[in-house]
Amino acid sequence: MAYFQRSPLTPWLLLAPQLIIVSVFFFWPAWQAVQQAFYIEDAFGLSQQFAGLSNFIAVLSNPDYYSVIWTTVVFSLSVALGAMSIALFLAVLADRVIKGASTYKTFLIWPYAVAPAVAGVLWLFLFDPSLGLVTALLERLGIEWNHNLDGGQALLLVILASVWKQMSYNFVFFLAGLQAIPKSLLEAAAIDGANPMRRFWTIVFPLLSPTSFFLLVMNSIYAFFETFGTIDTVTSGGPGSATTTLVYKIYQDGFVGQNLGTSAAQSVLLMMLVGGLTFIQFRFVERRVQY
Amino acid sequence: MRYQRLGLDLVSHLLLAAGCGLFFLPVWLAFTASTHSMSDLYTHIAPLWVGDVGLDNYAQLLSEPVNGLKTGMLRLLFNSLVMATGIAVGKIVISVLAAYAIVFFRFPFRRLCFWLIFITLMLPVEVRILPTYEVVANLHMLDSYSGLILPLIASATATFLLRQFYLTIPPELVEAARIDGAGPWRFLKDILLPLSKTNLAALFVIMFIYGWNQYLWPLLITTDANYMTVVVSLKRMLTTGDALVPWQDVTATAILAMGPPVLVILLLQRYFVKGLVDAEK
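Caption draft 1: Structural context of the overall build of chain A. Regarding its fold elements, chain A presents 13 helices and two strands. For 291 residues, the compact-globule formula gives about 19 Å, and the C-alpha radius of gyration of chain A, at 24 Å, lies well above that figure. Seen through its principal axes, chain A has C-alpha atoms that stretch 75 × 75 × 30 Å. Long-range contacts, defined as pairs at least 24 residues apart, comprise 69% of the intrachain contacts of chain A with a sequence gap of at least 6.

Caption draft 2: Representation of the overall build of chain B in the model. Counting its secondary structure elements, chain B contains 15 helices and zero strands. Its C-alpha atoms give chain B a radius of gyration of 24 Å, more than 25% over the compact-globule value 19 Å for 281 residues. Summarising its shape, the C-alpha atoms of chain B cover approximately 75 × 70 × 30 Å along the three principal directions. When each of the 281 residues of chain B is scored for burial, the buried share is 43%. The long-range share in chain B, meaning contacts at least 24 apart out of those at least 6 apart in sequence, stands at 74%.

Caption draft 3: Looking closely at helix H11 (residues 197–212) of chain B. Residue and element names in this part refer to chain B. If you check H11, its first and last C-alpha atoms are 22 Å apart, about what 16 residues at 1.5 Å a residue would give, namely 22 Å. The element H11 is extensively covered by neighbouring structure, given that twelve of its 16 residues are classed as buried. Along H11, the positions that sit buried rather than exposed are Asn-199, Leu-200, Ala-202, Leu-203, Phe-204, Val-205, Ile-206, Met-207, Phe-208, Ile-209, Gly-211 and Trp-212.

Caption draft 4: Examining the interface of chain A and chain B more closely. Chain A puts 80 residues into the contact, and the matching count from chain B is 82 residues. Broken down by element, the side of chain A that touches chain B gets its largest block of residues, 18 residues, from helix H1 (residues 10–36) of chain A. For the side of chain A that touches chain B, the per-class residue count stands at 62 nonpolar, 15 polar and three charged.

Caption draft 5: Molecular detail of the packing of helix H7 (residues 151–179) of chain A against helix H10 (residues 209–226) of chain A. Residues and elements named next belong to chain A. Axis separation between H7 and H10 bottoms out at 11 Å; the angle between their running directions is 160°. On the basis of the axis angle, H7 is roughly antiparallel to H10. Seen from above, H7 lies across H10 with right-handed handedness. Listed contacts from H10 to Ser-162, Gln-166, Asn-170, Phe-173, Phe-174 and Gly-177 of H7 are Thr-211, Leu-215, Asn-219, Tyr-222 and Ala-223. Its residues assigned to classes, the contact of H7 with H10 shows five nonpolar, six polar and no charged.

Caption draft 6: Structural view of the domain arrangement of chain B. Residues and elements named next belong to chain B. Segmenting chain B into domains produces domain 1 (1–64) and domain 2 (65–280). For domain 1 versus domain 2, the separation of C-alpha centres amounts to 30 Å. With 14 residues of domain 1 at the interface, the matching set in domain 2 holds 13 residues. The greatest single-element share of the side of domain 1 that touches domain 2, amounting to four residues, is contributed by helix H3 (residues 54–63). A per-class count over the side of domain 1 that touches domain 2 returns nine nonpolar, four polar and one charged.

Caption draft 7: Here's a closer look at the nonpolar core. With 162 residues, the main nonpolar core has Val-118 and Trp-123 of chain A as its most contacted residues. Ranked by residue count, the leading element in this core is helix H4 (residues 73–104) of chain B, at 16 residues. When sequence neighbours within four positions are dropped, the list of residues in contact with Val-118 of chain A reads Val-231, Leu-234, Ala-254, Ala-257 and Met-258 of chain B.

Caption draft 8: Expanded view of H7 of chain A. Residues and elements named next belong to chain A. Here H7 is 29 residues long and its end C-alpha atoms lie 41 Å apart, about the 42 Å a rise of 1.5 Å per residue gives. At Gln-166, H7 shows its largest kink, close to 35°. The buried fraction of H7 is high, at 22 of 29 residues.

Caption draft 9: The environment of Leu-25 of chain B, seen in detail. Looking at the element boundaries, Leu-25 of chain B is found in helix H1 (residues 6–33). For Leu-25 of chain B, a count of 16 C-beta atoms within 10 Å translates into the label partly exposed.

Caption draft 10: The environment of Ala-201 of chain B, seen in detail. Residue and element names in this part refer to chain B. Looking at the element boundaries, Ala-201 is found in helix H11. The exposure class assigned to Ala-201 is partly exposed, which follows from the 17 C-beta atoms found within 10 Å. The contacts of Ala-201, once residues within four sequence positions are left out, are Leu-268 and Tyr-271.

Caption draft 11: Fine view of unusual backbone geometry. Even without being glycine, Ser-236 of chain A reaches a positive phi, approximately 55°. In this structure, Ser-236 of chain A sits in the loop between helix H11 (228–234) and helix H12 (246–256).

Caption draft 12: Local environment of the environment of Gly-276 of chain A. Residues and elements named next belong to chain A. Relative to the elements of secondary structure, Gly-276 occurs in helix H13 (residues 260–289). Since 11 C-beta atoms lie within 10 Å of it, Gly-276 is described here as exposed. Measuring from C-alpha to C-alpha, the distance between Gly-276 and Pro-116 comes to 25 Å, with 160 residues separating the pair along the chain.

Caption draft 13: Layout of the confidence of the model for chain B. Residues and elements named next belong to chain B. Of all residues in chain B, 96% attain a pLDDT of 70 or more, and the chain-wide mean is 84. Across chain B, the secondary-structure element scoring lowest on mean pLDDT is helix H15 (residues 269–280), at 72, and the one scoring highest is H4, at 92. Scored as a whole, the predicted complex attains pTM 0.87, and scored at its interfaces, ipTM 0.87.

Definitions and cut-offs
- Residues numbered from 1 in each chain as written.
- Chains lettered and ligands numbered in written order.
- Predicted model: local features only at pLDDT ≥ 70, side-chain atom pairs only at ≥ 80, totals over all residues.
- Helix = DSSP H or I, 4+ residues; strand = E, 2+ residues; numbered from the N terminus.
- Rg over C-alpha atoms; globule rule 2.2 N^0.38 Å.
- Contact = placed C-beta atoms within 7 Å.
- Buried ≥ 20, exposed ≤ 12 C-beta atoms within 10 Å, placed from the backbone.
- Expected span 1.5 Å × (residues − 1).
- Nonpolar A, V, L, I, M, F, W, Y, C, P; charged D, E, K, R; others polar.
- Axes fitted to C-alpha atoms, helices over the stretch in contact; angles between N-to-C directions.
- Parallel < 35°, antiparallel > 145°, perpendicular 65-115°, else oblique.
- Left-handed = near helix turned anticlockwise from the far one by under 90°.
- Domains from an automatic or database assignment.
- Core = buried A, V, L, I, M, F, W, Y, C linked by C-beta atoms within 7 Å.
- Bend = angle between axes of the 7 residues up to and from the residue.
- pLDDT = per-residue confidence, 0-100.

Printed below as a string of structure tokens:
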């Protein structure tokens, strides 16, 4: 048995830093979020009153909350599907050219390192109503662009910036997945007369499905949380609430609106949602290990 | 058996080059805009080519206090560097130790510790942002480097990756070390750490980028501009009320803000790809 057993104190010394940090900055706040969700605080923050489920009822009976959920779903699905399909397309190309694949990889992975907030600024500049390049091109096509007024355009802009940043992450995984597919399989299909399209849809695509599923979960989590910076720099959740996602609403209600109870209730609801997503992912990862 | 086609190869190269170009375009336009004067920018649409005041713009941005903030750009960049390095190093140190304890020791409540640490994977800081803010305020850590760094270390991603790697170490190695009289600290220092060099490098790249790019957390806990990071300052520069946005400054700041993490990823690309793909397993 290859374990260090004779020093009973050592493992605790080793674990102490992580356990302390996790308790102070994870469990304590998470517990407070759950607690706050069941209390109502008065306007001055002086007294708290137990409120049962009323914070949750207040959140769930507000029609605005459902439009925010809808925005989040549209936004996350568009970001995930957009970033994944572009990445898959480029990865398939990079995988088949053999020569230069690693050069293309270098030229395509760097957006991963760009902060979501910075990505937002870059795209904001492209679409600036007075001096943006794309705005000028669109004007020539007869499309008037002003994301400060048009909610749909604002959402589209935030989606574009988020897709741009996330593509490289997906590209790395798709390329790794493609390169792991045995070439003999494809050669056999080619000998049998399957054209490249057919080879892709009947062999490559099914073999990539575990990677795709993993990426779908990761992209949704990215769209939920990390895009906060993009949304805040590009639209601040507006116009109206056209680009307000669940996380952005927690921030607005809690920090801008100082409405702690409902903000905490929203946090708890979101925790359950993300917990569920992660659980599905873990189940899936475990199943994959057995292959 | 040759089943590749020359024509298709050519088309692939063309499409890939176009893709690379399109992805680079936003950065290029930001760069060219940062080399023009503001009056020049607002007379046309965004310029496609560099202007002639680039060096002046950057020199001015780096030497004078940032618009609306009582601090300089160098300080903001320094703060980002401290935060990113602090998060990367801090996370790696506590994770190396914790994963070591979990894999190579048997002690009571080991499984409980395992779950206490790994459950943090499920909730990113954005979800519990408000209570975390209160905790940090109670500890008097608002506007401080420890307040910027510590809450973001409280996640198990690195611990999880290192655990996966430690599990692949053959038990014979531990046995041999023990027979030779090496204690747990000696084994960690002389055998395990040298073996995990590439994994640690990969973790460093990913955590450095993660730390540098943080937005919501530093936005909330820094009211003192002396602790603000460069990524957060962008929003301040964009919010000008009725005045025109000083795009030459904003784009220059964006270029400065993306410089360090992009350099890190390009220089350490090998480790980065390995780190990412390992994280999936």
